[in-house]
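One letter stands for each residue in the lines below.
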Amino acid sequence: MKNIRNTGLLLAALLLFACEKKVEQPTLSDEKISRIMADLATAEAATNGLNGVPKDSLLQLYFGQVLEMHQITREEYEKNLRLLTSDLPRMQAIIKAAELLMVPEEKKAEEGK
C-alpha cells in the first residue's frame, strides 16, 4: 500500500514538472543586440536623403551587411527581438545601450566632466 502511494506521489510530481511551461530566452546577449541595433540605426541614417525604391534597396543591402558582420541571420535577430518584447525593462535597457553606442566619444567625454 505504501509503495502505491509513493508511486502515485511520484507520478503527480512528474506531471507537475512536465506541465511547467519553459520560457524561451534570447540566444544573443543584450550587449550584442544593442550593438546590432546601433549599427542598423547607423545604416538607416545613411539612407536618409534617399527616397523610394533606391532607399529601400540600399537599406536592405546595408541591413544584410550589418547582420553578416555580426554573423547572425535576419530570422535569428528578429526571433530575439520577439522574445525580448515580453521583458519591457530589459528591452528598454538594450535600446538605451544602443543609443549610448551611437553617441560620439567626444560628447561622452564632455558629459563626463
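Residues numbered from 1 in each chain as written. Predicted model: local features only at pLDDT ≥ 70, side-chain atom pairs only at ≥ 80, totals over all residues. Heavy atoms only, no water.

Trainee: Can you help me understand helix H2 (residues 30–45) in this one?
Mentor: Two residues of an α-helix separated by three or four positions point the same way, owing to the 3.6 residues in each turn. Between its first and last C-alpha, H2 extends 22 Å over 16 residues, near the 22 Å set by a 1.5 Å rise per residue. Where H2 is concerned, the buried positions are Ile-33, Ser-34, Ile-36, Met-37, Ala-38, Leu-40 and Ala-43. The elements touched by buried residues of H2 are helix H3 (52–69), helix H4 (74–84) and helix H5 (88–101). (Helix = DSSP H or I, 4+ residues; strand = E, 2+ residues; numbered from the N terminus. Expected span 1.5 Å × (residues − 1). Buried < 20%, exposed > 50% of the residue type's maximum accessible area, 1.4 Å probe, protein only. Contact = heavy atoms within 4.5 Å.)

Trainee: Even after reading the chapter, I still don't get the environment of Ile-95, so can you show me in this structure?
Mentor: As for its placement among the helices and strands, Ile-95 is situated in helix H5. Linking Ile-95 and Asp-30, residues 65 residues apart in sequence, is a C-alpha distance of 9.5 Å.

Trainee: Any chance you could explain unusual backbone geometry here in plain terms?
Mentor: Glycine aside, residues mostly have negative phi, and peptide bonds are mostly found in the trans state. Residue Gln-71 is not a glycine yet carries a positive backbone phi of 60 degrees. By secondary structure assignment, the location of Gln-71 is in the loop between H3 and H4.

Trainee: Got a minute to help me understand the pattern of salt bridges in this structure?
Mentor: Any two side chains of opposite charge can pair, given that their charged atoms come close. On inspection of all chains with the given rule, the structure shows four salt bridges. Note that Lys-79 is salt-bridged to Glu-24, the shortest N-O span being 2.7 Å. Of the two residues, Lys-79 sits in helix H4 while Glu-24 sits in the loop between helix H1 (2–19) and H2, which places them 55 residues apart along the sequence. Lys-79 gets classed as partly exposed once you look at its relative accessible area, which sits at 37%. Exposure remark for Glu-24: the relative accessible area of 45% places this residue in the partly exposed category. With a closest N to O distance of 2.9 Å, Glu-78 and Arg-74 form a salt bridge. (Salt bridge = Lys/Arg side-chain N within 4 Å of Asp/Glu carboxyl O.)

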